[in-house]
Amino acid sequence: MSKKSIAVIFGGKSSEHEVSCVSAVTVIENIDTDAYNLVLIGITKEGKWLKVDSIEQITSGTWYNSTENAVLSPDASHKGILVVKGNTVEKITIDVVFPVLHGLNGEDGTIQGLFELSGIPYVGCGVLASSISMDKLYTKIVVDTLNIRQAKYVAVLKSDMKNINEVVEKVEEKLSYPVFVKPSNAGSSQGVSKAHDRDELVAGLEAAMKHDRKVLVEETIVGREIECAILGGNEPKASGVGEILAAADFYDYEAKYHNAESKTVISPDLPKEVEEKIRESAVRIFKAVDGYGLSRVDFFVEKDTNDVVFNEINTLPGFTGISMYPMLWEAKGISKKTLVEKIIQSAYSR
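Because the structure is predicted, anything quoted here is derived from the model rather than measured.

Caption draft 1: Broad picture of helix H6 (residues 164-174). By the burial criterion, the buried members of H6 are Val167, Val168 and Val171. The buried side chains of H6 occupy one side of the element, clustering within an arc of 95° when seen end-on. Exposed and facing more than 90 degrees away from the buried side of H6 are Asn165, Glu166 and Glu173. For H6, the elements touching its buried residues are strand E8 (153-157), helix H7 (198-208) and strand E11 (214-219).

Listed below in C-alpha cells is the structure:
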C-alpha cells in the first residue's frame, strides 16, 4: 500500500505563532510515517510560506532560513503544494492537510476557505464553525439559543467609543464590577483585562480595541475553570474533563504559556452530574456552531452553587506538552499517536 502525503502547516501570522510551532512538533512526532509522507510548511510572522525539511529545523527555529517558497494551490485541479525554487516551480500532490495554526488567520475560517478551494481534505472545523467560534460575540449569540448558561455580557463596537460615557452607563446598568473586557476576535486571551471600576473599564476597552473592533464586557464568574475535549465528525464524542489552576488572577496569555505555576488537573473532583452536564453541553455547543473534527470547550463551575457556565470554544486547541486537549484523551486511553490518526481520518470522512 502506497503512502499518502500529508501537509502539516504551522506558524502563522497570529500572536500565537510560537505556540503553533511547539504544537506542530508534537503533532509531527505522532504522525505514522509508515503511512504518510510528511510535507512541512511553515508560515512566518510576516506571512511568508516556506518549505521546511525537518522537525529539527522547527525546534531550532532555523526553518525561517528556508529559501524555498511553498504555497497551497487554490486550483482544485492541482490538489497540492507549489514549491518555488529559483525560476522553477515543482508541484507536490497532497492527500490531506493538517493545519496546526492557532489564532487569527489560522482557526478563524480564512485558511479553511483556502483548503475548501484546493479540494484537499483537511483536519478540523470548516469555514463557518471556525469563524463563529473564533469570534466570542457570535459564539455567544449562537449559545444564547441553546438554553446553556453563559456569562452576561455587553457588546461594544469601535464606533461606540465616541460616546464612551454612554458605553460605561450601559455596562454599569447591566453588570456589576469587576468585569472582564475581551476583544471579540483575538485569540488566546490577547488584550483581555479585568476592570474593577470606571477608569479600568475605559482603559480596558481602549486596550481591547487595539486587537479588534468588537469588544465584549462580561460579568465575572467566580468559579473553577473546567475544559472538555471533543473528537469526531458526524457523531462527536466528549472526553472527561480537566481543570485549569491559573497562576494569575485569570488565565491570560502569560499565565497560559509562560507561568510555570499554572497547572492542569485531569479528572478533578467534581460531582458526577456536573461533569456529565459539562460533557453534554460541550457536544451541543460543538454541534450548534457546526463543528467538525476536534475542539476544546471551556466552562466555569461556580464555587458556591456548582452551576455550569459556558466560557468559550477553541476549534484548534493546543498540542503542546502542557495542552489539555491531548491529555484529556490520554486519560481515556487514547495515545497521542492514535489521537492524531483519528483526527486525520476525520478529514477524509468529512
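Caption draft 2: Local environment of the sheet that holds strand E14 (residues 263-266). Strands sit in the order E14-E13-E12-E15-E16 across an open sheet of 5 strands; the sheet is antiparallel. The sheet is open, and its two edges are formed by E14 and strand E16 (308-314), each paired on a single side. The mean angle between the axes of side-by-side strands here comes to 30°, regardless of whether they run parallel or antiparallel. Bridge count for strand E15 (residues 293-302) against E16 is 6 bridges, and the pairing is antiparallel. Bridge pairing in E16 links valine 297 to isoleucine 313.

Caption draft 3: Representation of the pairing of E16. Burial of E16 is extensive: 6 of the 7 residues sit out of reach of the surface. Between E15 and E16, which follow one another and run antiparallel, lie 5 residues, and asparagine 306 among them has a positive phi close to 65°.

Caption draft 4: Structural view of the side chain of asparagine 311. Tracing the sequence through the fold places asparagine 311 in strand E16. Given a relative accessible area of 17%, asparagine 311 falls into the buried group. A distance of 3.4 Å separates a polar atom in the side chain of asparagine 311 from a polar atom in the side chain of lysine 182. Those residues in contact with asparagine 311 that lie beyond four places of it in its chain are Lys182, Asp298, Phe299 and Phe300.

Caption draft 5: Structural view of the sheet that holds E8. Here 4 strands make up an open sheet; going across it, the order is E8-E11-E9-E10 and the pairing antiparallel. The sheet is open, and its two borders are formed by E8 and strand E10 (193-195), each paired with just one other strand. Taking the axes of each pair of neighbouring strands and ignoring which way they run, one obtains an average angle of 25° across the sheet. With 3 bridges joining them, strand E9 (residues 179-183) and E10 adopt antiparallel strand pairing. Note that in E10 the partner of valine 181 across the bridge is serine 193. Most of the contacts of helix H5 (residues 136-143) go to E11, to which it runs at about 55°, and overall it touches E8, E9 and E11. Set on the sheet, H7 makes contact with E8, E9, E10 and E11; between it and E9 the angle comes to about 15°.

Caption draft 6: Summary view of helix H4 (residues 127-134). Along H4, the residues that are buried comprise Ala129, Ser130, Ile132, Ser133 and Met134. Those residues of H4 that are buried lie in contact with helix H3 (110-118), H5 and E16.

Caption draft 7: Expanded view of the packing of aromatic side chains. Taken as a whole and judged by the stated rule, the model has 5 aromatic pairs. Considering the side-chain rings of phenylalanine 319 and tyrosine 325, the 5.9 Å spacing of their centres and the 50° angle between planes classify their relative orientation as tilted. Here phenylalanine 319 and tyrosine 325 have matching classes, each one buried. Taken together through their ring pairs, the aromatic side chains of Phe10, Trp63 and Tyr64 make up a single cluster. When the ring centre of tyrosine 348 is taken as reference, the NZ or CZ atom of lysine 4 above it lies at 4.2 Å. Cation over ring: lysine 174 sits above tyrosine 153, and NZ or CZ is 5.6 Å from the ring centre.

Caption draft 8: Structural context of the pattern of salt bridges. Applying the stated rule across the entire model yields 15 salt bridges. Of the charged contacts, one joins arginine 149 and glutamate 302 as a salt bridge, the two residues approaching to 2.9 Å between their closest N and O atoms. Residue arginine 149 is found in the loop between H5 and E8, and its partner glutamate 302 is found in strand E15; the two are separated by 153 residues along the sequence. By relative accessible area, arginine 149 is classed as partly exposed at 33%. Exposure remark for glutamate 302: the relative accessible area of 16% places this residue in the buried category. The network of salt bridges with common partners includes Lys140, Lys182 and Glu218.

Caption draft 9: Spotlight on the nonpolar core. Of all hydrophobic cores here, the largest spans 35 residues; its most connected members are Phe98, Tyr325 and Ile343. Residues within four places of phenylalanine 98 in sequence aside, it is in contact with Ile6, Ala7, Val8, Ile9, Val27, Val123, Val340, Ile343 and Ile344. Membership of the second largest hydrophobic core comes to 26 residues, among which are Cys228, Leu270, Ile278 and Val289.

Caption draft 10: View of the environment of lysine 287. Mapped onto the fold, lysine 287 is located in helix H9 (residues 272-288). Looking at lysine 287, the relative accessible area reads 53%, which means it is exposed. Taking the C-alpha atoms as reference points, lysine 287 and lysine 263, 24 residues apart in sequence, are found 29 Å from one another.

Conventions and cut-offs
- Residues numbered from 1 in each chain as written.
- Predicted model: local features only at pLDDT ≥ 70, side-chain atom pairs only at ≥ 80, totals over all residues.
- Heavy atoms only, no water.
- Buried < 20%, exposed > 50% of the residue type's maximum accessible area, 1.4 Å probe, protein only.
- Helix = DSSP H or I, 4+ residues; strand = E, 2+ residues; numbered from the N terminus.
- Arc of directions from axis to C-beta.
- Contact = heavy atoms within 4.5 Å.
- Pairing = 2+ DSSP bridges.
- Axes fitted to C-alpha atoms, helices over the stretch in contact; angles between N-to-C directions.
- Polar contact = N/O pair within 3.5 Å; in protein donor to acceptor, adjacent residues only side chain to side chain.
- Phe/Tyr/Trp six-rings, centres within 6.5 Å; stacked < 30°, edge-to-face > 60°.
- Lys NZ or Arg CZ within 6 Å of the ring centre and 35° of its normal.
- Salt bridge = Lys/Arg side-chain N within 4 Å of Asp/Glu carboxyl O.
- Core = buried A, V, L, I, M, F, W, Y, C linked by side-chain atoms within 4.5 Å.

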